[in-house]
Amino acid sequence: AAIFWAHAENFATNEQVYEIQPPTVSRALTNPLVEGPFAIVMAIGAILLCIAIAQLARAFFTLLRDYPEADNTTNRRLILAAVAFEIPAIFGMVILSQYTGEAHSFMHDTGSYMLFVGHSLAIAACGMCIYRLLRSTAGKQDPRLAAIRHLPGHAVVVALCSLSFGIAYYSGKIAPDLFP
């Protein structure tokens, strides 16, 4: 939502830039009207992400405690890995909140990569744990898992969308003559 707001606010004050080539959200953040509020939203998002990750880990560990036969050593490692992967993502959000202008391009890009790579790996680790739980005999009957039965399929869709965005984004950087 913050990214859409940043683009809308930037468009309202710099419409001519969007007519030539729409800027990335990183370039939109060079607008002082967008930069400050976006930084606040990212800092709040980092705090909320910490809370969400703690709740997610607690829920998974509670579920795993109830099913000792579900090869929990591997599942516990997957959840700990997901938490570990989210730590750089959270720091990436903090970096993004502090380094938003063109003067800090390297730090902004570093924060972006920390955020995106950390989230990607954490989502993959959680997805593997969910998949493993759903395949266990206990997981096939637990009503708590019924609500998440569809998540591995959705994770594949998210991964494919992310991959297509990455290909589209980096194609222009790697081969600008082929992808203007």
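About the cut-offs
Numbers given to residues run from 1 along each chain, matching the order in which its sequence is written. Given that the model is predicted, a residue must reach a pLDDT of at least 70 before its local features are reported, and side-chain atom pairs must reach 80 or more before they are shown or counted; all residues, however, enter totals for whole chains, interfaces and linings. Side-chain metrics rest on all non-hydrogen atoms present in the structure, leaving aside hydrogens and water. A run of DSSP states H or I qualifies as a helix once it reaches four residues; a run of E qualifies as a strand once it reaches two. Both are numbered from the N-terminal end. Remark: exposure states derive from per-residue accessible area (1.4 Å probe, protein chains only) relative to the maximum for the residue type, with buried under 20%, exposed over 50%, and partly exposed in between. Here an axis means a line fitted to C-alpha atoms, over the contact stretch when the element is a helix, while the angle between two N-to-C directions is reported on a 0 to 180 degree scale. Roughly parallel here means an angle under 35 degrees, roughly antiparallel means over 145, roughly perpendicular means 65 to 115, and every remaining angle is called oblique. Side-chain classes are defined by residue name, with Ala, Val, Leu, Ile, Met, Phe, Trp, Tyr, Cys and Pro counting as nonpolar, Asp, Glu, Lys and Arg as charged, and the others, Gly among them, as polar. In a left-handed crossing the near helix is turned counterclockwise from the far helix by less than a right angle, and in a right-handed crossing that turn is clockwise. Two residues form a contact once any of their heavy atoms are found within 4.5 Å.

1. Concerning the side chain of Asn75
Part 1 of the argument: Mapped onto the fold, Asn75 is located in helix 5 (residues 72-98).
Part 2 of the argument: What makes Asn75 buried here is its relative accessible area of 0%.

2. Re the packing of helix 4 (residues 32-66) against helix 5
Part 1 of the argument: Close contact between helix 4 and helix 5 brings their axes to 9 Å; oriented N to C, the two are set at 175°. As far as their axial angle goes, helix 5 and helix 4 are roughly antiparallel.
Part 2 of the argument: Split into classes, the residues belonging to the contact of helix 4 with helix 5 amount to 18 nonpolar, four polar and three charged.

3. Comments concerning the environment of Ala39
Part 1 of the argument: Among the secondary structure elements, Ala39 is positioned in helix 4.
Part 2 of the argument: Taking the relative accessible area as the measure of exposure, Ala39 reaches 14% and is therefore buried.
Part 3 of the argument: As for Ala39 and Met93, which are separated by 54 residues in sequence, their C-alpha atoms are 9.1 Å apart.

4. Describing the packing of helix 4 against helix 6 (residues 105-135)
Part 1 of the argument: Taken N-terminus to C-terminus, the directions of helix 4 and helix 6 make an angle of 20°; their axes are 13 Å apart at the nearest point. The orientation of helix 4 relative to helix 6 falls into the category roughly parallel. For the pair helix 4 and helix 6, the sense of crossing is left-handed. Where helix 4 approaches helix 6, its residues Met42, Leu49, Leu56, Phe60, Leu63 and Leu64 are matched on the opposing element by Leu115, His119, Cys126, Cys129, Ile130 and Leu133.
Part 2 of the argument: Taken together, the residues of the contact of helix 4 with helix 6 break down into 11 nonpolar, one polar and no charged.

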